[in-house]
Amino acid sequence: MIRELVCDDAVLSTPCAPATAEDAELAQDLIDTMNSLEDAVCLAANQVGVAKAVVVYKGDDERDYVLYNPKMLMGLGPQKLVESCMTHEGESRVTRFIKIKVAYDELVDGVLVPRKKEFFGWEAQMVQHMIDHCKGKLV
């Protein structure tokens with residue numbers, strides 16, 4: 001289901017609760033919503049008004065990916081960037097790492113399974129942006 005984006009800073013600045021396997025439908029809604037928007041490459045649940053730690057992004061391979069409960073474990077190669085966001089007006093100056101390692105959960109056969117993955121470049125930047133959303137950080 002395609003959901004409306006929420007631009008309310010009070011909603012977006014609320015840290016997200018941990019996601020569970022029951023949030024699979026929410027993840028699909030995020031994918032549907034992201035793919036319905038022009039130029040959208042990532043989306044967090046709080047951007048559609050649900051304060052759960054679920055994020056989606058479009059990978060370099062053009063596939064859609066879901067991360068439940070993402071947490072950055074390490075970052076290398078900090079750089080200062082200017083980012084914009086679909087649900088927050090204006091631009092933000094941020095520090096993003098070129099390479100990151102992230103712990104997250106993946107839904108496998110109805111169960112959340114812990115995973116770790118390294119991200120580089122553009123994908124690393126998107127994932128960091130989404131992790132900030134989960135923390136309630138306005139970006």
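Residues numbered from 1 in each chain as written. Predicted model: local features only at pLDDT ≥ 70, side-chain atom pairs only at ≥ 80, totals over all residues. Heavy atoms only, no water.

**Observations concerning the side chain of D132**
As a reminder, the rule being used: To qualify as a helix, a DSSP run of H or I must reach at least 4 residues; to qualify as a strand, a run of E must reach at least 2; elements of each kind are numbered from the N terminus. Here, two residues are considered to be in contact whenever any of their heavy atoms come within 4.5 Å of each other.
Within the secondary structure, D132 sits in helix α3 (residues 121-135). Those residues in contact with D132 that sit more than four places away from it in its chain are R96, K137 and V139.

**Some points on the packing of aromatic side chains**
The cut-off we apply is this: Pairing of aromatic side chains here covers Phe, Tyr and the six-membered ring of Trp, requires ring centres within 6.5 Å, and sorts the geometry by plane angle: under 30 degrees stacked, over 60 edge-to-face, intermediate tilted. Whether a residue is buried, partly exposed or exposed follows from its accessible area with a 1.4 Å probe, protein chains only, as a fraction of its type maximum: under 20%, in between, or over 50%, in that order.
Tallying each qualifying case throughout the model produces 2 aromatic pairs. Taking the centre distance of 5.3 Å and the plane angle of 20° together, the rings of Y57 and Y65 count as stacked. On the accessibility criterion, Y57 (2% relative accessible area) is buried. Arranged with centres 5.9 Å apart and planes meeting at 80°, the rings of Y57 and F119 form a pair that is edge-to-face. Taken as a pair, Y57 in strand β2 (residues 54-58) and F119 in strand β5 (residues 111-120) lie far apart in primary sequence, 62 residues in all.

**Considerations on the sheet that holds strand β1 (residues 42-44)**
The line we're drawing: A pair of strands counts as paired when DSSP detects no fewer than two bridges linking them. Axis lines are fitted to C-alpha atoms, over the contacting stretch for helices. Their N-to-C directions set the angle, which ranges from 0 to 180 degrees.
If you trace the 5 strands from one edge of the open sheet to the other, you get β1-β2-β3-β4-β5, paired in antiparallel fashion. Pairing within the sheet leaves two strands with one partner each, and these edge strands are β1 and β5. Geometrically, the sheet is characterised by an average inter-axis angle of 40° between neighbouring strands, direction not taken into account. One ladder, built from 3 bridges, connects β1 with β2; its direction is antiparallel. Counterpart to L43 in the pairing with β2 is V56. Running at roughly 95° to strand β4 (residues 88-108), α3 makes contact with β1, β2, β3 (64-85), β4 and β5 of the sheet.

**A few points about the nonpolar core**
For the record, the criterion: Put simply, buried Ala, Val, Leu, Ile, Met, Phe, Trp, Tyr and Cys residues joined by side-chain atoms within 4.5 Å make one nonpolar core.
The biggest cluster of nonpolar side chains holds 18 residues, and the ones touching the most others in it are V55, Y57, L67, I100, V102, F119 and V127. Breaking this core down by element, the ones donating at least two residues are β1, β2, β3, β4 and α3. The element that contributes the greatest number of residues to this core is α3, accounting for 6 residues. In this structure, L30, M34, V48 and Y68 belong to the second largest nonpolar core, which totals 13 residues.

The quantities given are spatial measurements derived from coordinates; they are silent on function.
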